[in-house]
Structure formats: structure tokens, C-alpha cells
Amino acid sequence: MPHAIWSGTVSFGLVSIPVSLYAAEQTRELTFHLLDGRDMAKVRQKRVNEVTGEEVPWEEVVKGYELEDGSWVVVTDDDFRAADVEATQTIDILGAVEADAIGPEWFVKPYHLVPMKPGRKAYALLRDTLAETGRLAVARIVIRARQRLAALVPAGDTLVLEILRWPHELRQPTGLELPIAGEEIATSAEREMARTLVESMFVDWDPDAYADTYHDALLALISRKASEGEVSTPPEARGPEFEGEIIDMTELLRKSIERVASRA
């Protein structure tokens, strides 16, 4: 069962549509670990206290904002929610634009927007109206303590919430040596041949017709190396005293003596 990463309402004029947000992408990336080439042991990263050098457990890690004087203000999950309760619980529709008005460079990540039972009718109304009018709804949403610009895109039975980039997150192509759009650099014969070629390549969009051939080839290579015995066995995991830490034996002995003395 998919897990909702966010729940709240879509503010559609005076209509509130209770919805949940679900991830709409999945990755097939192969996972690789960093290893010590000498013995094939995993190279691990730790959360280390920069003052004591000790590892910090996850449950002790907090978020802090640094002030100009170098001091810190700790901000909790409750603080993030309390900063603006309405913003964290509402997808606020700001307007509706033509479906082709937002270029591909603006889109970041898709989510499935799913109505809760009381909002099914209003959800269908919003989805179908956007589809019939050829519009996308531009909205704001707060996800994981960050406000994001978004677009609600009708896609069949679904409303897809596409996270968009803010204007300051996009670099303009200023200074790049690009041919001017519409400038007639090619001859009319060349343009006609190019148009004929593109027309001859036309196909209906079928995403199942495409495959990640690099992923498959890399996985096949790994399988071949494994079948041919090119496998390295890592050493057995050892205790923390063998993880590269410098042990102060004198200090350990001193503490041991103090502990025994305290029991006398």
C-alpha cells in the first residue's frame, strides 16, 4: 500500500478538497557502496560531534539556525508546522494558465494527488474542468518545511501535482552562443528535408516502448562478473575499537583504576 507523504486540502476558490499526496516516480538506479580496495570493507560515513569527536545518534540530531553572533536557534518539527499552519495544510491555487505556457525546464518532480472520500466530487470537477479548458492550475504547497511552487496537471483519472522551480532557481541562457530562434540559417531545401524527416519519425507516445538500456547493460555486466567468480568477500564486521579510532590506552587504564577505587 503506497504511503501518503502529505495530507491537507486543495483551496479551489471557496471549495476545499481534502487530498493526500503520493510519490509518482520510482528509481531503478543500481546501488553501489564505497569500499576499501584493500579488503573490500564498507567505507561508512558518520554523524560526528565536531567538539568531542563522538558519533551522534539520529535521535539526538536537531535542526539549528545560526545567528550572526554564532549562536544557534533550535527549530523543531512542531515549529515548522506552527510557523504557518494554513500554509502547511493547504495547496493554495493561485491561478490557471494555458497547458503549454510552462516550459519543461520548470518541472522538477511529480506526485499523485488523491482525493479523500468527501472530496471526490470536487476533485473530479477540478480535474475535468482543467482538462476541458486546456489549463494547468498554479499553486503553492509546503512540503518538508519548504514552500514550493507547483502545477496541478490533469492526466486521465489523476490530478498530478508537479513541483516547479522558482524563477531564481533557473539560470537564463545569457552568454551562451545559441542560434536565434526563427533565424533562417538553413536553406529552404534543408528545412523542407528536415521537416520531411521529422514527419517520417512520428510515432504515438508509448512510454513502454522505451527502456533504460544502460541500466540493463550494467546489470548484465554485474551478473556476468558474479557468474565468473569476480566476487570479493568483505571481512567480518568488527567492534568499534577497530574502526580506525585512535585508542588512548593510558586514559582507559586511568578510568579503570578510578572505577575500581570508587568501589573500594
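It should be emphasised that the depicted structure is a prediction, and the values quoted were computed from it without experimental measurement.

**A word on a nonpolar patch on the surface**
Part 1 of the reasoning: A cluster of nonpolar side chains, Phe32, Leu219, Leu221 and Ile222, forms an exposed patch at the surface whose accessible area comes to about 350 Å².
Part 2 of the reasoning: Relative to the elements of secondary structure, Ile222 occurs in helix H5 (residues 213-227).

**Points about the side chain of Arg127**
Part 1 of the reasoning: Residue position: Arg127 is located in helix H3 (residues 120-133).
Part 2 of the reasoning: Among the residues examined, Arg127 registers a relative accessible area of 14% and is labelled buried.
Part 3 of the reasoning: Ignoring anything within four residues of it in the chain, the contact list for Arg127 reads Pro154, Gly156, Asp157, Thr158 and Leu159.

**Quick notes on the nonpolar core**
Part 1 of the reasoning: Counting residues in hydrophobic clusters, the biggest one holds 22 residues, and the most contacted among them are Val10, Ile91, Leu113, Ile141, Leu152 and Leu161.
Part 2 of the reasoning: Put simply, the parts of the chain that give this core at least two residues each are strand E1 (6-12), strand E2 (15-23), strand E5 (90-98), strand E6 (107-115), H3, strand E7 (135-143), strand E8 (146-155) and strand E9 (158-164).
Part 3 of the reasoning: The residues touching Leu161, leaving out its near neighbours within four places in the chain, are Leu21, Ile91, Lys109, Pro110, Tyr111, Ile141, Ala150, Ala151 and Leu152.

**Notes on the confidence of the model for the chain**
Segments scoring low in pLDDT should not have their predicted coordinates read at a detailed level.
Part 1 of the reasoning: Chain-level pLDDT for the chain is 83 on average; 86% of the residues reach the 70-or-more range.
Part 2 of the reasoning: Ranking the elements of the chain by mean pLDDT puts helix H6 (residues 249-263) last, at 59, and E9 first, at 96.
Part 3 of the reasoning: Across residues 239-247 the pLDDT falls below 50, and counting only partners more than four positions away or on other chains, this stretch makes 6 contacts in the model.

**Looking at the environment of Glu190**
Part 1 of the reasoning: Along the polypeptide, Glu190 turns up in helix H4 (residues 188-200).
Part 2 of the reasoning: Within the structure, Glu190 has its side chain in polar contact with the backbone nitrogen of Thr187 (distance 2.9 Å).

**Some words on the sheet that holds E9**
Part 1 of the reasoning: Sheet architecture is closed into a barrel: 7 strands sit in the order E1-E2-E6-E9-E8-E7-E5, paired in mixed fashion. Taken over all neighbouring pairs, the strand axes of this sheet differ in orientation by 40° on average, direction set aside.
Part 2 of the reasoning: Pairing geometry for E5 and E7, over 6 bridges, is antiparallel. Within E7, the residue paired with Ile93 across the bridge is Ala139.
Part 3 of the reasoning: Contacts between H3 and the sheet are confined to E1, E2, E5, E6, E7, E8 and E9, with E9 contributing the most and set at about 70° to the helix.

**Some thoughts on the pairing of E2**
Part 1 of the reasoning: Strand direction decides the pairing type here: E1 and E2, joined by 7 bridges, are antiparallel. Residue pairing for E2: Thr9 is matched across the bridge by Pro18.
Part 2 of the reasoning: Connecting E1 to the antiparallel partner E2 that follows it, the hairpin turn spans 2 residues, and Gly13 within it adopts a positive phi of roughly 65°.
Part 3 of the reasoning: Examined bridge by bridge, E2 and E6 share 5 bridges and lie antiparallel to one another. Residue Leu21 lies in a different strand from E6, and its bridge partner there is Leu113.

Calculation rules
Residues numbered from 1 in each chain as written. Predicted model: local features only at pLDDT ≥ 70, side-chain atom pairs only at ≥ 80, totals over all residues. Heavy atoms only, no water. Patch = residues over 30% accessible without salt bridge, like charges linked within 9 Å, V, L, I, M, F, W, Y side chains within 5 Å. Areas by Shrake-Rupley, 256 points an atom, 1.4 Å probe, with all protein chains shown as cover. Salt bridge = Lys/Arg side-chain N within 4 Å of Asp/Glu carboxyl O. Helix = DSSP H or I, 4+ residues; strand = E, 2+ residues; numbered from the N terminus. Buried < 20%, exposed > 50% of the residue type's maximum accessible area, 1.4 Å probe, protein only. Contact = heavy atoms within 4.5 Å. Core = buried A, V, L, I, M, F, W, Y, C linked by side-chain atoms within 4.5 Å. pLDDT = per-residue confidence, 0-100. Polar contact = N/O pair within 3.5 Å; in protein donor to acceptor, adjacent residues only side chain to side chain. Pairing = 2+ DSSP bridges. Axes fitted to C-alpha atoms, helices over the stretch in contact; angles between N-to-C directions.

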